[in-house]
Amino acid sequence: MPLVPVPKPTFSQKLKRFFMVDLLKGMAVTLGFNVGALTDKDGVAGKGIYTEQYPKVRPDVAPRFHGAPRLNMDPETHETLCIACNLCALACPEDCIDVIPMDVEVVVAGKARRKKVLDEFIFDTSRCMFCALCQEACPTYCLELTQDFELATYSRAGFVWNREMLEQGRETVKYES
Amino acid sequence: MFAFAAPTFIDSLLLKFFSEQTVNYVIWPFIQIGLVVVITTGWVAYATYLERKISAFMQARLGPMRVGPWGLLQPIADGLKLLTKEDFIPENADRWIFFVAPYIAVVAAFIVMAVVPFGPDWAVITDVNIGVLFVLAVSSVGVLALILAGWSSNSKYALLGALRSSAQMVSYEVSMGLAIIGALMFARTLSLSGIVSAQASNSIWFVFYQPIGLVIFLISGIAENNRAPFDLPEAESELVAGFHTEYSGFRWSLFFMAEYAAMVVVTAVATTLYLGGWYFPLVYRFTEAKGFHHAYVVISLIVFLAKAGLLLYLYFWLRWTLPRFRYDQLMDLGWKWLLPAALINIVVTAIGITVIQGLHNPAGLRTIKSLSAGLGLTLTGTVIAIAIGVANLFITGGLLSLINWRARDFNLKKQRRQIRLVDLPKGKPAVVPVSPESAT
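Residues numbered from 1 in each chain as written. Chains lettered and ligands numbered in written order. Predicted model: local features only at pLDDT ≥ 70, side-chain atom pairs only at ≥ 80, totals over all residues.

A look at the overall build of chain A
Applicable threshold: Starting at the N terminus, helices and strands are each numbered in turn, a helix being any DSSP run of H or I of at least four residues and a strand any DSSP run of E of at least two. Radius of gyration here uses only the C-alpha atoms, and the compact-globule reference equals 2.2 Å multiplied by the residue count raised to the power 0.38. The exposure scheme places C-beta atoms from the backbone and then counts, for each residue, the other C-beta atoms within 10 Å of its own, assigning buried at 20 or more, exposed at 12 or fewer, and partly exposed in between.
Helix and strand content of chain A: five helices and six strands. For chain A, the sequential pattern of α-helices and β-strands runs β-α-α-β-α-β-β-α-β-β-α. The globule rule puts the C-alpha radius of gyration for 177 residues at 16 Å, and the 30 Å found for chain A is more than 25% above it. When its C-alpha atoms are laid out on the principal axes, chain A stretches across 105 × 50 × 35 Å. Buried residues in chain A amount to 13% of all 177 residues.

Right under this line is the structure:
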């Protein structure tokens, strides 16, 4: 493209420059946001405030979000739903689940039988990638990845969750809003 | 001069312990000074809070929210933090000057508050009859503090920042001082209380007579306070923090206070000179005329604070809207635009006042009511003065563009004589069409 002289401003452009229309436009933008922040609380829809007051107001995570694991219990008897079938450990691509079963003697229909029940469940959240394949594999809907996202700890050992932690959940500080 | 009709119950209480002279000339001034220092410090502290909040709102954020409800105690927490921080002194700093500089800055900014008329009666500490000169003289001492701070820090960033800010403040003070003169011609006095009463007795704000004066005064005020868009001395991206780079802890907070106090001073003086100070229409009629003297003073005080607050908001608003100037643009604006504009304003206003005075007798018109408090104009005179003020906007604009006809430094587009035009059809997306041959 050739070099051409800078085009002369038209009369309306000169008028705009004289009355500083562009400056006023810019100031209208900031004023609009300021007024919007004071009146319009919904930041996603309009010019309101986007900030989430995190520890006080918990963010809404997406419905398909996968977070901290949990071992569900029977709501009535409070016994674990886990049948120690080891399917979750087999499904895990990261190999971060260890199901440790134990044998118990039970009497079924008058006969003495041996049965595998859950003794200990080790879930290494530091290696977990939250793919939820274990949740898919679980036949009794026992293992579930919840929507809790506060998984940070002070040591590597803290990432390894045992059965008690998986059943009770970890204690985190809760702030009132 | 110190005609106090202060709250009577405290007055009578004090008169039991001291003589009348002591009460009037010592005790009351000290009470007023204490109140003004406390209020100004609070105002300065909460100006920082407001600045953070407003900047947050303009960026769709919340700002400080944790300390107290809506973060209202944040300035106090900040102050406590700064008090307990280490007061660090650089190795080869000029220790004495380094120590003294922040105090000069704070004193220069705060002492101006002594002459600012916050309200009509007991809300004035002193009414110096050269108040405007006092304000200009004392507030320019602040430059000395910046130079001393920058020099004594023994740091290149601080020195560069101090150089920049002193050059900037000195050059903008010229147009600031000249911009005031137009308003002074209408007020016919240098006393700040006198200027307010000149506006109050004529029921008009000088901004109507002097629109261009207010604009020049505000721009120079913002530039003199080294605030954005003129914050080159503290340009973070180039100079770390400017002249107070090496300061920490309480000394740094003194500079911070001085900056905000200087802002408050400029807003207060602009309010007094152009926006009528504590005068607001109808307030007098509904309070003082009906005998509520203290209500009159308090309402006037609130009016004054509200006007100054509006101007303070303008500061924040401009800061978060406009980007920083280049240094040559800054000097251009000061010397090539604001200074001629201020001079033109003086000339046009002087001619205008002469015309108004000339129209008074021979034409049979009555333009001047009285000269007891300011230039008391009749309705005709007021209309003429306002018309001259509005015409002055266009006269100044035209003359400025004449003066800067050949000045291309301020405008980058004009510096470039030729540009490479990209010839694209209108209404189409700006993507160069790719022919199938060249794509392969």
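There's more to say after this.
Considering the domain arrangement of chain B
Residues and elements named next belong to chain B. Going by this rule: Domain segmentation is taken from an automatic or database assignment of domains. Each residue gets a C-beta atom placed from its backbone, and two residues are in contact if those atoms lie within 7 Å. Polarity classes work like this: nonpolar for Ala, Val, Leu, Ile, Met, Phe, Trp, Tyr, Cys and Pro, charged for Asp, Glu, Lys and Arg, and polar for all others, with Gly in that last group.
Taken as a whole, chain B is organised into domain 1 (8-76) and domain 2 (85-349). A separation of 19 Å is found between the C-alpha centroids of domain 1 and domain 2. Between domain 1 and domain 2, the residue contacts involve 15 residues of the former and eleven residues of the latter. Partitioning the side of domain 1 that touches domain 2 into residue classes produces ten nonpolar, four polar and one charged.

Some thoughts on the packing of helix 2 (residues 20-58) of chain B against helix 3 (residues 74-84) of chain B
Residue and element names in this part refer to chain B. Just so we agree on the cut-off: Here the axes come from fitting lines to C-alpha atoms, over the contacting stretch only for helices, and the angles between their N-to-C directions go from 0 to 180 degrees. In these notes the angle categories are as follows: under 35 degrees is roughly parallel, over 145 is roughly antiparallel, 65 to 115 is roughly perpendicular, and the rest is oblique. Helix crossings get a hand from a simple test, with the near helix turned counterclockwise from the far one by less than a right angle marking a left-handed crossing and a clockwise turn marking a right-handed one.
Contact pair helix 2 / helix 3: the axes reach a minimum separation of 9 Å and the direction vectors enclose 110 degrees. When the axis of helix 2 is compared with that of helix 3, the two are roughly perpendicular. The two elements helix 2 and helix 3 cross, and the hand of that crossing is right-handed. For the pair helix 2 and helix 3, contact is made by Ala45, Tyr46, Thr48 and Tyr49 and by Gln74, Pro75 and Gly79, respectively.

Here we look at helix 8 (residues 192-201) of chain B
Residues and elements named next belong to chain B. For helix 8, the buried fraction is high: eight of the ten residues fall into the buried class. Every buried residue of helix 8 is accounted for by Leu192, Ser193, Ile195, Val196, Ser197, Ala198, Gln199 and Ala200. A positive phi of about 55 degrees marks Ser203, the residue just after helix 8.

Description of the domain arrangement of chain A
The domains assigned to chain A are domain 1 (1-51) and domain 2 (69-168). For domain 1 of chain A versus domain 2 of chain A, the separation of C-alpha centres amounts to 58 Å.

Re the confidence of the model for chain A
Defined as follows: What pLDDT expresses is the predictor's confidence in each residue, scored from 0 to 100.
Put simply, chain A has an average pLDDT of 84, and 94% of its residues get 70 or more. Predicted confidence in chain A is weakest over strand 1 (residues 3-5) of chain A, with a mean pLDDT of 73, and strongest over helix 3 (residues 87-91) of chain A, with 91.

Side note on unusual backbone geometry
With the exception of glycine, the majority of residues adopt a negative phi angle, and the majority of peptide bonds are in the trans configuration. Despite not being glycine, A:Ala84 shows a phi value in the positive range, around 55 degrees. Take A:Ala84: there are 18 C-beta atoms within 10 Å of it, and that puts it in the partly exposed class. One non-glycine residue, B:Asn154, lies in positive phi territory at about 55 degrees. Note on placement: B:Asn154 falls in the loop between helix 6 (141-152) and helix 7 (156-187). Residue classification places B:Asn154 among the partly exposed positions, given that 15 C-beta atoms sit within 10 Å.

Regarding the nonpolar core
Note the following rule: Linking buried Ala, Val, Leu, Ile, Met, Phe, Trp, Tyr and Cys residues through C-beta atoms within 7 Å yields a set, and such a set is a nonpolar core.
Core analysis: the biggest nonpolar cluster contains 104 residues, and B:Ala105, B:Ala109, B:Ala261 and B:Ala270 have the highest contact counts within it. At 17 residues, the largest contribution of residues to this core is made by helix 12 (residues 249-274) of chain B. Each residue touching B:Ala270, except ones within four places of it in the same chain, is listed here: B:Leu214, B:Phe217, B:Leu218, B:Gly221, B:Leu275 and B:Leu311. Core analysis: the next-biggest nonpolar cluster, separate from the first, contains 14 residues, A:Cys82, A:Cys88, A:Cys92 and A:Val99 among them.

Digging into helix 7 of chain B
All names here are of chain B. Selection criterion: How far a helix is expected to stretch is found by multiplying one less than its residue total by 1.5 Å. Bend is computed residue by residue as the angle between axes fitted to the seven residues ending at the residue and the seven residues starting at it.
Helix length check: helix 7, at 32 residues, gives a terminal C-alpha distance of 46 Å against a target of 46 Å (1.5 Å per residue), a fit within 8%. Residue Ile181 marks the point of greatest curvature in helix 7, where the axis turns by about 25 degrees. Positive backbone phi, at 60 degrees, marks Arg188, one or two positions downstream of helix 7.

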